[in-house]
Amino acid sequence: MPLLLSSSERAEHMAILCKLYPRSDMRLRAEVLQENTWTAKVVHLAPLAWNVMELRLRPERLYPYRAGQYARIAVPGHPEQWRSYSIATPPTEQGELVFHIRELPGGVFSQWLFQSAQIGDDLQLNGAQGEFFLRQDNERKLLCIAAGTGLAPIEAIIQESLSLGWESPIHLFYGAKKRDDFYHLEELAALSQRYPHLQVTPTLSDTGDTGWTGARRLLPTVASHGQWRDHEVYLCGSPGMIEAAIDLLLSHEVPHEHIHFDAFAPNG
Ligand SMILES: Cc1cc2nc3c(=O)[nH]c(=O)nc-3n(C[C@H](O)[C@H](O)[C@H](O)COP(=O)(O)OP(=O)(O)OC[C@H]3O[C@@H](n4cnc5c(N)ncnc54)[C@H](O)[C@@H]3O)c2cc1C
């Protein structure tokens, strides 16, 4: 996936390993990192949409993370299986962690969450990971593109920029397939009323929904909204959406180093 590497990274022979296949025998050396584990209690469960649940956890001790990063959670009853979920809020004084979790047919973790999880259950977490966080070395305008539960880390990043008092324009494009898939539309509308520099554009890809008067199709809508060259860009959603969005942004002359993303790949 050459698009995901800058020319200097390619010159240093860096590679996206999940996209490579060995052509001959090879010797690998792995450094095993000692990972910290937290026990966290389920303190709140609430449906956000027909297939999305808000899960709120209270870790036993301070859980350090940056807004936009994700946690790995052990699947209850399958301690060798871990699933990655983005944290949907910046760090708070209460120390609770909020997640937006999509139900997947046959999904080991999400089925447990939707069918069996109870307030008071304990989960095991690994330390926060990822390079998807608000870049604080500049106050460029923000372009945020979220699809489905990709909204979770984007909300955390936007909340953080608001709490820093930044006033550069933020444009959030939030895509869903069907109208029922949207969640937090009212909360986002209220936030953009409170912070007029935040503009939110929901987009729907279901062409059969003739009653929808808003924007259609996520990336064409982003493309039609103008110049993104001078924006810092945050993308989150399916790997296909991310790849297409990067193509689009590079064609709009957004520098590679201003594009940040997390792809919600299956990790079962
Ligand atoms: C860094 C990162 C952050 C993530 N954050 C979130 C988040 O905040 N919210 C969220 O809902 N998800 C998130 N995901 C995706 C989530 O971790 C995976 O979808 C996970 O596999 C779901 O676990 P499960 O046990 O429910 O399903 P699994 O048992 O892993 O999979 C069940 C079936 O669904 C398929 N499947 C799994 N994931 C997907 C997918 N994303 N799209 C299509 N088919 C899939 C599998 O191939 C399998 O057939 C994130 C992924 C990554 C890598």
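Residues numbered from 1 in each chain as written. Predicted model: local features only at pLDDT ≥ 70, side-chain atom pairs only at ≥ 80, totals over all residues. Heavy atoms only, no water.

As named in an unreviewed UniProt entry, the protein chain is FAD-binding oxidoreductase, taken from Acidithiobacillus ferriphilus. Recorded in UniProt for the protein chain, the comment headed Cofactor (unreviewed entry) runs: "[2Fe-2S] cluster". (UniProt positions renumbered as here; feature names shortened; annotations may be inferred.)

### Regarding the site of the ligand
As a matter of local geometry, the ligand sits amid 22 residues, with Arg83, Ser84, Phe109, Ser110 and Asn267 nearest to it. With respect to the ligand, the backbone of Ser84 contributes an N or O atom lying 2.7 Å from an oxygen atom. Between the ligand and the protein, one listed contact pairs an oxygen atom with a side-chain N or O atom of Tyr85 at 3.4 Å. In isolation the ligand has 910 Å² of accessible area, and contact with the protein removes 77% of it. Within the residue set of the shell around the ligand, elements represented by two or more residues are strand S4 (78-86), strand S5 (97-102) and helix H2 (108-115). Per-element tally for the shell around the ligand: the top contributor is S4, with four residues. (Near = heavy atom within 4 Å. Polar contact = N/O pair within 3.5 Å; in protein donor to acceptor, adjacent residues only side chain to side chain. Areas by Shrake-Rupley, 256 points an atom, 1.4 Å probe, with all protein chains shown as cover. Helix = DSSP H or I, 4+ residues; strand = E, 2+ residues; numbered from the N terminus.)

### Regarding the layout of surface pockets
Empty space among the atoms can be located by rolling a probe the size of a water molecule over them. Taken as a whole, the largest pocket holds about 1,200 Å³ of empty space. Broken down by element, the lining of the largest pocket gets its largest block of residues, four residues, from S4. Here the residues of the lining of the largest pocket sort into 19 nonpolar, 17 polar and six charged. Counting residues domain by domain, the lining of the largest pocket receives three or more from each of domain 1 (37-126) and domain 2 (141-263). (1 Å grid on protein atoms, 1.4 Å probe; cavity = no way out; pocket = protein on both sides within 12 Å on 5 of 7 lines; lining within 4 Å. Points joined across faces, edges and corners; volume = space filled by probe spheres on them. Nonpolar A, V, L, I, M, F, W, Y, C, P; charged D, E, K, R; others polar. Domains from an automatic or database assignment.)

### Some words on the pattern of salt bridges
Scanning all chains against the criterion turns up nine salt bridges. Residues Arg179 and Asp209 are paired through a salt bridge, measuring 2.8 Å at the closest nitrogen-oxygen approach. One end of the pair, Arg179, is in the loop between strand S8 (170-176) and helix H4 (185-194); the other, Asp209, is in the loop between strand S9 (198-204) and strand S10 (215-216), and 30 residues separate them in sequence. Residue class for Arg179 comes out partly exposed when judged on its relative accessible area of 37%. (Salt bridge = Lys/Arg side-chain N within 4 Å of Asp/Glu carboxyl O. Buried < 20%, exposed > 50% of the residue type's maximum accessible area, 1.4 Å probe, protein only.)

### A short note on the state of the cysteines
Put plainly, a disulfide is one covalent bond tying together the sulfur atoms of two cysteines. By the definition in use, this model includes zero disulfides. The structure places no disulfide on Cys236, whose sulfur is separated from the nearest cysteine sulfur, that of Cys144, by 11 Å. Residue class for Cys236 comes out buried when judged on its relative accessible area of 0%. (Disulfide = S-S within 2.5 Å.)

### Re the side chain of Glu232
Here Glu232 shows up in strand S11 (residues 231-237). In this structure Glu232 comes out as buried when scored by relative accessible area, which is 3%. Within the structure, the side chain of Glu232 is placed 2.6 Å from the side chain of Arg140, a separation counted as a polar contact. Look past the residues within four positions of Glu232 in its chain and what remains in contact with it is Arg135, Asn138, Arg140, Lys141, Leu142, Leu143, Glu257, His258 and His260. (Contact = heavy atoms within 4.5 Å.)

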